[in-house]
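Examination of the molecular architecture
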Amino acid sequence: MSERLARTLDASEVSPREGGSESPLAWVLTLVGGPDPAALGRRRALEPGAALELGRGGDALGPRALEDRRLSRAHARIELDDEGPRLTDLGSHNGTFVNGARIDAARLDVGDVILVGQTSILVGRASVHSIPGMSVYSPHGPSAHSPHGPSVHSPLAPSAHSPEIAPAPSPEIAPAPSPDGPLVDALVGCGPAHLALVDAVRKVAARSTTLLLLGPPGAGKSHLARVLHHQSGRPGPARAIHCASLPDDRVFERFEGPGPGASILEGVDEASPALQARLLPVLDAAGRSADAERIIATSHRPLEESPLRPDLIQRLTRWIIHLPPLVGRLEDVPLLAQHLLRRYLGEARALHPQLTLALLRHRWPGNIRELEAVIECLAIDADDGDAPLRLTPRVRALLGVDSPGLRATPGPTTREGAAPALRVDREGRWFEAPPQGRVEVGHRKPLARILAALVAQQAAAPGVPSSLAELRAAGWPDERVLERAGANRVHVALTTLRKLGLRELLLRRDDGYLLHPDVVVRRSCGEVAPGIELDPPRSWSTSRVSLGTCSSSASTSPTGAHGPPGARCRR
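Per chain, residue numbering runs from 1 following the sequence as it is written. With the structure being a predicted model, the display of local features is reserved for residues of pLDDT at least 70 and the display and counting of side-chain atom pairs for 80 or more, all residues being used for whole-chain, interface and lining totals. For side-chain calculations, the full set of non-hydrogen atoms in the structure is used, while hydrogens and water are omitted.

1. Overview of the side chain of D332
- Counting from the N terminus, the helices are the DSSP runs of H or I reaching at least four residues and the strands are the DSSP runs of E reaching at least two. Considering the arrangement of structural elements, one finds D332 in the loop between β19 (319-322) and α6 (333-344).
- Remark: exposure states derive from per-residue accessible area (1.4 Å probe, protein chains only) relative to the maximum for the residue type, with buried under 20%, exposed over 50%, and partly exposed in between. Residue classification places D332 among the buried positions, given a relative accessible area of 0%.
- Under the rule applied, a polar contact is a pair of N or O atoms within 3.5 Å (in protein, one hydrogen donor and one hydrogen acceptor; residues adjacent in sequence only if both atoms are side-chain atoms). For D332, the side chain forms a polar contact with the main-chain nitrogen of C190, separated by 2.7 Å.

2. A look at the sheet that holds strand β11 (residues 105-107)
- Strand order in this open sheet of four strands is β6-β7-β8-β11, and the pairing throughout is antiparallel. Here the strands that pair on one side only, and so sit at the sheet edges, are β6 (51-54) and β11. Within the sheet, the average angular offset between the axes of one strand and its neighbour, ignoring direction, is 20°.
- Strands pair, by our definition, only if DSSP identifies at least two bridges between them. With three bridges connecting them, strand β8 (residues 84-89) and β11 associate as antiparallel partners. If you follow R86 over to β11, its bridge partner there is R107. What counts as an axis is a line fitted to C-alpha atoms, over the stretch in contact for a helix, and the angles between N-to-C directions run from 0 to 180 degrees.

3. Some thoughts on the pairing of strand β20 (residues 421-424)
- Only one face of β20 is covered, namely the one carrying L422 and V424; the face carrying A421 and R423 has none of its residues buried.
- When β20 meets strand β21 (residues 430-432), the two strands line up antiparallel, connected through two bridges. By the bridge assignment for β21, R423 is matched with E432.
- Linking β20 back to β21 in an antiparallel pair, the connection comprises five residues, with G428 at a positive phi of about 75°.

4. Things to note about the nonpolar core
- To form a nonpolar core, buried Ala, Val, Leu, Ile, Met, Phe, Trp, Tyr and Cys residues must be joined to one another through side-chain atoms within 4.5 Å. W364 and L399 are the most contacted members of the largest nonpolar core, which totals 32 residues.
- Going through the elements one at a time, α6, α7 (353-361), α8 (367-381) and α9 (393-399) are the ones with two or more residues in this core.
- Leave out the neighbours within four places in its chain, and W364 touches L326, L330, V333, L359, E370, L371, V374 and L399.
- Residues F431, L454, V490 and L494 belong to the second largest nonpolar core, which totals 25 residues. For this analysis, residues touch if any pair of their heavy atoms sits within 4.5 Å.

5. What about the packing of helix α10 (residues 445-460) against helix α12 (residues 483-502)?
- Close contact between α10 and α12 brings their axes to 10 Å; oriented N to C, the two are set at 80°. Taken together, the axis directions place α10 and α12 in an arrangement best described as roughly perpendicular. For the pair formed by α10 and α12, the contact residues are L447, I450, L451 and L454 on the first element and A493, L494, T496, L497, L500 and L502 on the second.
- Gly counts as polar in this scheme, as do all residues outside two lists: the nonpolar Ala, Val, Leu, Ile, Met, Phe, Trp, Tyr, Cys and Pro, and the charged Asp, Glu, Lys and Arg. Residues of the contact of α10 with α12, tallied by class, amount to nine nonpolar, one polar and no charged. Oblique is the label for any angle not covered by the other classes, which are roughly parallel (under 35 degrees), roughly antiparallel (over 145) and roughly perpendicular (65 to 115).

6. Let's talk about unusual backbone geometry
- The backbone of R64 sits at a positive phi, close to 70°, despite the residue not being glycine.
- Positionally, R64 belongs in the loop between β6 and β7 (76-81).
- In this structure R64 comes out as partly exposed when scored by relative accessible area, which is 41%.
- Look at N367: it is not a glycine, yet its phi comes out positive at around 60°.
- Examined against the element boundaries, N367 turns out to sit in helix α8.

7. Re the pattern of salt bridges
- Here, a salt bridge means any Lys or Arg side-chain nitrogen found within 4 Å of an Asp or Glu carboxyl oxygen. The final tally for this structure, using the stated rule, is 16 salt bridges.
- Between E432 and R423 there is a salt bridge, with the nearest N and O atoms lying 2.9 Å from each other.
- By relative accessible area, R423 is classed as partly exposed at 23%.
- Salt bridges linked by common partners bring D81, E83 and R107 together as one network.

8. Comments concerning the packing of helix α1 (residues 192-204) against helix α2 (residues 221-232)
- Their axes nearest at 9 Å, the elements α1 and α2 cross at an angle of 40°. Between α1 and α2, the interaxial angle falls into the category oblique. The two elements α1 and α2 meet at a crossing, and its hand is right-handed. Residues L197, V201 and V204 of α1 lie in contact with α2, whose contacting residues are L224, L228 and Q231. Here a crossing is taken to be left-handed if its near helix is turned anticlockwise relative to the far helix by less than a right angle, and right-handed if that turn runs clockwise.

Geometry only, nothing functional implied.
Below is the structure:
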């Protein structure tokens, strides 16, 4: 069209233009997990040259956001310089993690997930206008402990130490998450894409303009169409018309006796050529007055790939709203999850950090529809009580995660490309973790036994932690040790193993310790098991391996799985 009449709003755009110049992008932290679900979605823009300290009881992300008993008082610091944000652990007791790997200091990038204590923070970039003029914004407003109670899209109450707080969108435009139905799913969120959707609804809901909603399958187009009709205040109903599944005559029966409601043309790009021609006069008559029927159409194909006839496209594109895929609005995933939990579980529940990380690292090809299936499954598996919801086997299967250790999470060397490798003696008496050489621990028998137990657990159940009790029994099998004293021994032993070179490969979970699931563990001699690769000597005919030696022999191993023909193990 030479003079385009359509106005397009792209809800996935993170740098909207204002006044003819591109809005600058800021580094933004979004609270995506923590003990208090009411605090989710709070966002803070980092200021160049300023240090942001994360610690228990601090207000870096607003009041009560960091009331986490697993946080140290001075846990970690984030600084923004010319190269981007840098995260530094401040000697915290429970450690600082980025994408599941413990770090002392690390550069942060878009999409990284920081874990401090039980609190998860998503790193992103956004227009400074998506956090209107301020540093902290909350989609929830005051917490439930506020004298005014919870109020969605109300400003946070400023604290004496917090920066000025962002004004929030009008509650009439973005209603509070409700368990009553799916109508507000598309408007639950906190990120720039969500705010663009809210802005689009505010601008066009009350008008009679024909609308076209574009987005991938499952992104929430049908939900948004109903929200638009609900916010319009029109007295008539919203009638969904599925262009692909209904015969043309049945489609036109829905237009008989139209009133002041709305017709939602679901999948208009699937309409037959005959139906497209018959829709032209309908669209010409639609929206001419407040009493006329309004048309809202949805399509999952971009306009340049649309099979629709050009004159129909001209009538449909008076106002276009682009809905982004869910992977483009990851900061909204925890809020959408909590909204869906209210529907399927009847209440909001905190998510275990491991589950939060899995949700944020998933690519969501099915978008909100896929997330809904995952949360419904999670609600069915949920135990009674108020403990954080964990990553169950069924949910792991839906997300394509092989184990609770999150194979979807980048391993400790993902940014360098290759998966990490660890060579370990069968009895745990030495290990090699590149790039360093062999580290002997055989003279410290508890360390060797604990390392062997971790390797055996990796073979038997990859990604499943060994508990403190199991590691205590492995390290000191002949001693009766009090539980607390035994736990201290285990912590000291594991800290020593980390210092000797396993810091990136040895992970701590709430229920124990494990080797990183992405690590390829090669035992010098032994049974081949899932996740474990046998590391044979260079020549099975002449070589001996480690302190538990394998040597050439005319006989085979008892199991036939200890090596190539002719290999056997000697103790």
